[in-house]
Each structure stands twice: as structure tokens, then as C-alpha cells.
Amino acid sequence: MDSKSALQDNIEAKGQYAYYYAHAKRPETEGEANHIGGHGIVTGGAPIKLNPSGSSLKASSSDLKAINITKYTWIDADEKVKIYIKYSEIGIEDGVLTKEDTDIDFQVRALRFKFVLNDNIYCLNIKTLHETIVPENCKVDIRNNKIVIVLHKEDDSTWRELSKK
């Protein structure tokens, strides 16, 4: 009786074209393997922090509890669309929010907004806005009990929804 498995038989018969070739044991071990190095070659080692200056947010994201903002209101106001986020709607009872605590990314068809407050990171991410906006004309206003995100529309069309599904 042959002691080889069907997997080993398949690999021996078909070589590198075998269905199970990726499962074959390689003759070299880690010590015998060829090591390639040089400029532009990643060879492993400790992780390297890509952005040593960090984000504009005050605390490290890993130390914070992430909260998605799902409760907000919005209005189509002629050449603008305004999004209102009330502190009370997202569970903020106290704390002072400043523009320095916020990070916003306006894109032609998307919006990413986040801020840090009371050991939480709050996020609003709208992946596909109803229509296009002019990112450089958009802004965020921080008021006493709410945040107002002002989107400047590219055209004066009426928005029946904030985002496309």
C-alpha cells in the first residue's frame, strides 16, 4: 500500500501546475531561503509610523470610543445645504467643542466629519451626496448647542434627499 496522500500524488504528477501546488512543502526552510534587500524592498521589521506629526485631533483614535452620528437634520437652502447636529441628539450633555477639535473632509460628492469630545470620537460619513458640491466653499460652524455643516451646491438644483442610496 502506498503511503502518499492524493495531494502528494497530484503534486508529484503535475509539478508546479498541480491544483494543490501551493500546499506543497518547499525544500528550503527559513534559514535556507533567499533574502532580498535593498532600496525600495520591504523586508519586515518593526512598524514605522507614517505620519509622525499625527492628526489634528487631540487624542489618539485608539484611546477613544467611536460614535457614529446618525441623528441630524438638514435643509435645502437655495445655493446651500445645511446639516444640523444638535449636541443633545448625539448624547453630548457637556463639553466645549472648538474648530480645532474637528476634522472635516469635503469632496465633490462626499463628506467626512469627525470630532473628539469627552473621550469619544464622533463621526459623520456621507459616502454619496445627492448632488455635487464645491468643497472649497463649504464650512463648519460651531455654535452653543449644535454643529452646522454648510455645503455649497455646485448648481441650484433642489435636493430631495441628502444622500443617494
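Structure: see above.
Just so you know, these numbers come straight off a predicted model, no measurement behind them.

Caption draft 1: Representation of the overall build of the protein within the structure. Within the protein one finds one helix and eight strands. Each helix and strand of the protein, placed in order from N terminus to C terminus, yields the pattern α-β-β-β-β-β-β-β-β. The buried share of the protein, reckoned over its 165 residues, is 27%. Within the protein, contacts between residues at least 6 apart in sequence are counted, and of these 57% link residues at least 24 apart.

Caption draft 2: Geometry of the sheet that holds strand 6 (residues 120-126). The strand order across the open sheet formed by four strands is 1-6-5-4, and the pairing between neighbours is mixed. A strand with exactly one partner marks an edge of an open sheet, and here the two such strands are strand 1 (65-68) and strand 4 (102-106). Adjacent strand axes in the sheet meet at a mean angle of 15°, parallel and antiparallel pairs treated alike. Relative to strand 5 (residues 111-117), strand 4 runs antiparallel, the two being bridged by five bridges. From the neighbouring strand, Thr102 faces strand 5, where its bridge partner is Phe115.

Caption draft 3: Region of the structure containing the packing of aromatic side chains. Under the criterion given, the structure shown has two aromatic pairs. Ring centres of Phe113 and Phe115 lie 5.6 Å apart, and the angle between their planes is 45°; this geometry places the pair in the tilted category. Of the two residues, Phe113 and Phe115, neither departs from the other in class, the shared state being buried. A ring pair is formed by Phe115 and Tyr122, whose centres lie 4.9 Å apart and whose planes are at 15°; its orientation type is stacked. Both residues of the pair, Phe115 and Tyr122, belong to the buried class. Ring pairs connect the aromatic residues Phe113, Phe115 and Tyr122, which therefore count as one cluster.

Caption draft 4: Seen up close, the sheet that holds strand 3 (residues 80-86). Taken together, the four strands give an open sheet; going across it, the order is 2-3-8-7, and neighbouring strands pair in antiparallel fashion. The sheet terminates laterally at strand 2 (73-77) and strand 7 (139-142), the two strands that pair on one side only. Along the sheet, successive strands turn relative to each other by an average axial angle of 20°, direction set aside. Of the pairings in the sheet, the one linking strand 2 to strand 3 comprises five bridges and is antiparallel in character. Residue pairing in the sheet places Ala77 in a bridge with Lys80 of strand 3.

Basis of the calculations
- Residues numbered from 1 in each chain as written.
- Predicted model: local features only at pLDDT ≥ 70, side-chain atom pairs only at ≥ 80, totals over all residues.
- Heavy atoms only, no water.
- Helix = DSSP H or I, 4+ residues; strand = E, 2+ residues; numbered from the N terminus.
- Buried < 20%, exposed > 50% of the residue type's maximum accessible area, 1.4 Å probe, protein only.
- Contact = heavy atoms within 4.5 Å.
- Pairing = 2+ DSSP bridges.
- Axes fitted to C-alpha atoms, helices over the stretch in contact; angles between N-to-C directions.
- Phe/Tyr/Trp six-rings, centres within 6.5 Å; stacked < 30°, edge-to-face > 60°.

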